[in-house]
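An overview of the molecular structure
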Amino acid sequence: MKLFSGMLVATEEGVEATESHHWLWPEGYEIAFGGIASIIIFALLFWKVGPLVKKAMAARTQRVQDELDTAAADQSAADAEAQQILAAKGDIGAERSRLLADADTRAEALVVEGRARLDQEIAELHAKADADMAAVMNRGSDELRAEIARLASEAAEQLVTGGLDEAAHQDLIESFIQRVGASS
Amino acid sequence: MNDGQIDGYARALFEVARAEGTLDEVEDELFRFARSYESSDELRNALTDDAIPPSKRQAIVEDLLGGKATPSTVQLISMVVGSGRSGDLPAIIDRMVERAAGAKDLAVAEVRTAVALTDDQQGRLRAALANATGKAVSLKTVVDPSVLGGIRATVGDTVIDGSVRTHLDQLKSRL
C-alpha cells in the first residue's frame, strides 16, 4: 500500500520512474545476490542457531518424556490405589456379608430358642392348668365325699342313738357278755 | 412327776387304806373319782390351777366328796391335792388300784358302759372276762355316756370293745 502510494506520489510529483524487464520477475543479479545472501544467512543460522534449537528440542523432548514418565508413574500409583480400594471394598463386602450372615444366624437361633422357651412355657402352663383343674376336681370330690361321709355318719349315729332304748342297751350288754364268755 | 414318784404316792394310798381296813371301798371310790376327774374339765381346772392356794383346793375336794365318800378317800385325795400333785391324780389312783388288785392276785378290768350294770351282769361279766383273759379280774365299772351303748372292757393291755361308739367310728372311718 505504501509502495503503491509512493509510486502514485512520485508520479504525481514528476520523479523519473525506473522500469524492470518484467513486471513479476526480479532482475537476474538480484536473484543471484539474494540467493547467495539467503544461503549465507541459512548457513549462519544452521551453524549458530541449529545447536541451540537442537538442544532446546532435546530438552523439550526430555521434559515431555519426564512428564510422560511421571504421568505413567502416577497412573500406576492410581491403578495400585484403585486396586487396593477395590480389594478393600471386596473385604468390606465380605465382612458385611459375614456380619449379616452372623446376625441372621443369631436371629434364627434366638427365634428358635424363643419359640422353644415359649413352647415349654405353654406346655408348663397347660400342665399347671391341668394339675390345678385335677386338684380342684379332686378337692371338690374329696370335699363332697367327706361331706357325704359326715352326713351319713351323723345320720347313722342319730339313727342308732335314737333306737337305743333300755331294752337295746340290755341286749347289747348281754350279747357282749355272752360273746366274751364264749371266747377263751 | 416321774414313774417312781407316782408309784410312791400309789403305795402310800394303798398302805393307808389297807391299814384302815377300807381298801376295797377306798379303792372303788378313788377309781370313780379318777374317772370323774378325767371327764370333768371344770374339776380338773379347779384342782390344777396354781392361782388357787392348795388349802382352797383341798376345801373343794372336801366339799365335793363330803358325805359321798368315806373319810379315808376324802383325806387321801386331799393329801395328793395338797401336795400339788393334782395333775397326776388319775395315774396315782390307777397305780394304787392295780396294786390293790395285784395284792389279791387279780387283774384290773375297767369296764365302760352307757348304762349301769346290774350286780348279776357284773358277776357274769367278771367271769366272762376271766375266761377270756385267763386271769381273775377286779371289775371297775364306769358309766360313760360317750360309749353310746354296749361295753368297752380293758384288762391290762387287752381291750375288748363292743361299744356302739367304736362301731360308729369304724363305720365313719370306712365311709
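Heads up: the structure comes first, above all this text.
Residues numbered from 1 in each chain as written. Chains lettered and ligands numbered in written order. Predicted model: local features only at pLDDT ≥ 70, side-chain atom pairs only at ≥ 80, totals over all residues. Heavy atoms only, no water.

Let's shift gears to the interface of chain B and chain A. Taken residue by residue, the interface counts 24 residues in chain B and 21 residues in chain A. Taking both partners together, chain B and chain A bury about 1,900 Å²; carbon and sulfur atoms supply 71% of that area. Contact with chain A buries surface across chain B, with Val-115, Gln-121 and Leu-175 of chain B losing the most and accounting together for 23% of the total. Taken together, the connections running from chain B to chain A amount to two salt bridges. The partner of Arg-165 of chain B in a salt bridge is Glu-157 of chain A, and the shortest N-O contact between them spans 2.9 Å. For the interface between chain B and chain A, the tally reads five residue pairs in polar contact (both at pLDDT 80 or more). Contributions of two or more residues to the side of chain B that touches chain A are made by α7 (119-133), β3 (151-155), β4 (158-161) and α8 (164-174) of chain B. (Contact = heavy atoms within 4.5 Å. Buried area = accessible area lost by both parts, 1.4 Å probe. Salt bridge = Lys/Arg side-chain N within 4 Å of Asp/Glu carboxyl O. Polar contact = N/O pair within 3.5 Å; in protein donor to acceptor, adjacent residues only side chain to side chain. Helix = DSSP H or I, 4+ residues; strand = E, 2+ residues; numbered from the N terminus.)

Here we take up the pairing of β4 of chain B. Residues and elements named next belong to chain B. Sheet topology places β3 next to β4; four bridges connect them, and they run antiparallel. Counterpart to Val-155 in the pairing with β4 is Thr-158. Linking β3 to β4, which pair antiparallel, is a turn of two residues; within it Gly-156 sits at a positive phi near 60 degrees. (Pairing = 2+ DSSP bridges.)

Moving on, we come to the pairing of strand β1 (residues 107-113) of chain B. Residues and elements named next belong to chain B. Taking burial as the measure, the seven residues of β1 include seven buried ones, the bulk of the element. Burial along β1 is two-sided: Ala-107, Ala-109, Val-111 and Thr-113 and Val-108, Glu-110 and Arg-112, pointing in opposite directions, are all buried. Across seven bridges, β1 lies against strand β2 (residues 137-143) in parallel orientation. Directly across from Ala-109, in β2, lies its bridge partner Leu-139. Taken together, the five bridges between β1 and β3 define a ladder with antiparallel strand orientation. Bridging across to β3, Thr-113 finds its partner in Ile-151. (Buried < 20%, exposed > 50% of the residue type's maximum accessible area, 1.4 Å probe, protein only.)

All names here are of chain B. Taken in spatial order, the four strands make up an open sheet running β2-β1-β3-β4, and their pairing is mixed. Bordering the open sheet on either side are β2 and β4, each of which pairs with just one other strand. Strand-to-strand twist in this sheet, taken as the mean axis angle between neighbours without regard to direction, amounts to 15 degrees. Seen against the sheet, helix α2 (residues 23-39) touches β1 and β2 and runs at an angle of roughly 40 degrees to β2. (Axes fitted to C-alpha atoms, helices over the stretch in contact; angles between N-to-C directions.)

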